[in-house]
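Each chain, letter by letter, is given below.
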Amino acid sequence: MNKIATSLDTVQEDIGRFYDPEQHHFMVMNAVDLGQQLEIQWFFSHYAPPYDTTTFFALASPDATIPSIRSIVASAWVAEAELVDLMDIRIEGSEKGFVLEPDFDSGPLRKNK
Amino acid sequence: MAQQYEIPVGAQHISLLEPLHFKFTTENEKIVHTDANVYYVHRGIEKACCTKFKFRQVSFVVGRVCGLCSISHTTAYSQVAEKLLKIEIPKRAKYLRMLVIELDRIHSHLLCLSHVAENSGFEALFMKTMQYREFSMELLEAICGNRIQYDFSIVGGVARDLKPEVANQVLRRLDHFMPQLEELADIFRNNWTLSLKNKGVGAISRETALRLNVVGPFARAAGLAVDVRNETEDLLPWKEAGFEMVTETSGDVYARNMVRIRELYVSISIIRNIINGLPETPIVTETKAFPDGEAVVRLEAPRGELFYYAKGNKTQVLERLKIKAPTFSNVAAMVEAFRGNEYGSAPAIIASYDPCLSCTAR
Amino acid sequence: MKLATYRKKSPWILHYNAGGCNGCDIEILACLAPKYDIERFGMINTGNPKQSDILLVTGPVTKRSRERLVEIYAQMPEPKVVVACGACASTGGVFRGMYNCEGGVDQFIPVDVYVCGCGTRPEQIIDGVVQALAILEQKNKDMEASVRLNTQPIAEDEQLNRRHVAASITPTPTV
């Protein structure tokens, strides 16, 4: 797993430069609660040898709006909609209610919840 | 423009094993738009794995993510935990894991084929396939002690050894199964009635599959040669055990059936190779370390690529565990592949996706 | 032959997964298949709640499926029997206490038979359903008993009879 550091401002640009549908496979988007900050991760794998996994990661504060990559990776909307509910973060173009019921207190995977 | 109707399917429906809701917008029987709601079975396993259970218990909890591919989940978790603990497991344990994964793949693929037959309206073939499937359940029970939820992989190795008489029984039952598989393959390949519901239905192209990051038999049926068994050799030596890639080109329900049938042959040859060449080593590596750092693992479950991300913090309880199930990657393409098909074909198409919602929702 | 006889000899089952792991569901499917063959008890799997007598529920009830479960139960005609298949449908099992699980089917609808095991074996499911048949028959009897009213004449008592006491309702002739 090779990790590439990026930031919220440049993630669209970085992934847009990196991602080629013929070569890379977008797996999933993930977030880890580090206490004060969240680590947002985008996982890609390669179709060709050596089949390694590339991870983009960016640090974000919990109330930041995270740019969406669905204009680059068409199937990313599922992962983004899930993360909005589970981590209680804001992602462009994703609304709450995909995973959890509307009356549920969202963000169950955050540490302070 | 013709009038549009909205037809809901689910959450409870005769053609669905699991709660899954599709809302089809149809125009004269043709589906023009689909909405999917796949999170009926969200339970919150990721949270419980990071708070309630110790890291050695988690391998039993993640098996309950999905009953169809529980061995894939326990194995993938065990591998990612072994990466965090920085231990290498014995070779016999790797081979036994592969053996159970392949037997599980046989039972899962046969279940999917029977389900496609039932949803296409071919009840007799459903019964026949389910009857032939029982041998794999009995073999899994003989090896692991339970028909489903095997709890076979543990952190550091496997829980049970393979007895020589059970190994002989596996080979004998596989020999017995081969003519039955020939019969099934003949029906699925050549039956005219089934082909009416299956050929050219629910098709996606290779370009769509690439664009929407499809995995598993769904992608291989569209001509996209993606299989984790072809890639990694260090965690589980698939190529050494005789793995071959299976692809089709047309991407429709028929092609998915064919991919599954041909993968059954590959699985059978892998199982034979494993049993004939099983190394004589211990089955568990003991360690007293605690998980530290972060790691990812990919594994080919019956439905496609399974992905685990784990982060440890040198305590008994993991910091974060992320599970990406195969159907999760396919949701975007599942919605897309309905477009242009008749509403009457929808149950067969749903079954041919082989959706596993309890994996997706966790 | 009455409807009750057919219901006893051929109960139709309805299956709903309320958030389980699929394990018990494929065992229910295996029950329908030739090896275990639940059809020898006259049972077939139906997708319509309005035609079914036995509800097989699997899984701990998740927050999103609880309303669907109650709705399906409400749509089934009386008499009906609920069989909770598996450890998590009975008590919540390994999912008990997870944030999106309610823990057990009996939190929402009355359960008649609990089938244990993770996952349940087909033999256990068949055993549970056959036990459910006896309960179905009993419920049927109770229902019929309530329909057949006891119509014995009420004995004379000391109560005042309104008809004897009150004045006659024949209109008094006006002068």
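Here goes a summary of the coordinates provided.

Cut-offs and rules
Residues numbered from 1 in each chain as written. Chains lettered and ligands numbered in written order. Predicted model: local features only at pLDDT ≥ 70, side-chain atom pairs only at ≥ 80, totals over all residues. Heavy atoms only, no water. Salt bridge = Lys/Arg side-chain N within 4 Å of Asp/Glu carboxyl O. Helix = DSSP H or I, 4+ residues; strand = E, 2+ residues; numbered from the N terminus. Buried < 20%, exposed > 50% of the residue type's maximum accessible area, 1.4 Å probe, protein only. Pairing = 2+ DSSP bridges. Contact = heavy atoms within 4.5 Å. Polar contact = N/O pair within 3.5 Å; in protein donor to acceptor, adjacent residues only side chain to side chain. Core = buried A, V, L, I, M, F, W, Y, C linked by side-chain atoms within 4.5 Å. Right-handed = clockwise from strand over helix to strand, strands pointing away.

## Focus: the pattern of salt bridges
Close approach of charged atoms allows side chains with opposite charge to pair. In the structure shown here, the tally under the stated rule is 42 salt bridges over all chains. In this structure, K3 of chain A engages E294 of chain B in a salt bridge whose closest nitrogen and oxygen atoms are separated by 2.4 Å. Residue K3 of chain A is located in strand β1 (residues 2-5), and its partner E294 of chain B is located in strand β6 (residues 292-301); the two belong to separate chains. Using a relative accessible area of 30% as the deciding quantity, one classes K3 of chain A as partly exposed. In this structure, D14 of chain A engages R17 of chain A in a salt bridge whose closest nitrogen and oxygen atoms are separated by 3.7 Å. In this pair, D14 of chain A and R17 of chain A are both assigned in helix α1 (residues 11-18), three residues apart and thus about one turn of the helix distant.

## Focus on the pairing of strand β3 (residues 30-37) of chain B
Within a regular beta strand, the side chains point alternately toward one face of the sheet and then the other, so they alternate between its two faces. Residue and element names in this part refer to chain B. Looking at chain direction, strand β2 (residues 21-27) and β3 are connected through seven bridges and run antiparallel. When the sheet's bridge partners are listed, T26 is paired in β3 with I31. Linkage of β2 to β3, two consecutive antiparallel strands, is achieved through a turn of two residues, within which N28 is found at a positive phi near 50°.

## Digging into the interface of chain A and chain B
The interface of chain A with chain B comprises 40 residues on the first partner and 33 residues on the second. The tally of links from chain A across to chain B stands at four salt bridges. Notably, a salt bridge pairs E82 of chain A with K322 of chain B, separated by 2.9 Å at the nearest N-O pair. Linking chain A with chain B are 13 residue pairs in polar contact (both at pLDDT 80 or more), by the criterion used here. Taken together, the elements giving at least two residues each to the side of chain A that touches chain B come down to β2 (24-33), β3 (38-46) and α2 (77-87) of chain A. Sorting elements by how many residues they give to the side of chain A that touches chain B places β2 of chain A first, with 10 residues.

## Side note on the nonpolar core
Ranked by size, the top nonpolar core spans 126 residues in total, and within it V62, Y77, I143, F152, Y308 and L321 of chain B carry the most contacts. Examining the composition of this core, we find that 13 residues originate from one element, helix α4 (residues 91-119) of chain B, more than from any other. Once residues within four sequence positions are removed from consideration, Y308 of chain B is found in contact with V62, H73, A76, Y77, V80, A295, V296, V297, L321, K322 and I323 of chain B. One finds M87 of chain A together with L20, A209 and I349 of chain B within the second-largest nonpolar core, a separate group that totals 80 residues.

## Remarks on the pairing of strand β4 (residues 81-85) of chain C
All names here are of chain C. Among the five residues in β4, five count as buried, and that is most of the element. With burial as the criterion, each face of β4 is covered, one bearing V81, V83 and C85 and the other bearing V82 and A84. Sheet topology places strand β3 (residues 54-58) next to β4; five bridges connect them, and they run parallel. Within β4, the position partnered with L56 by the bridge is V83. Crossover connection from β3 via helix α3 (residues 66-75) to parallel β4: handedness right-handed. One ladder, built from three bridges, connects β4 with strand β5 (residues 113-115); its direction is parallel. Bridge assignment links V83 to a residue of β5, and that residue is V113.

These figures come from the coordinates and say nothing about function on their own.
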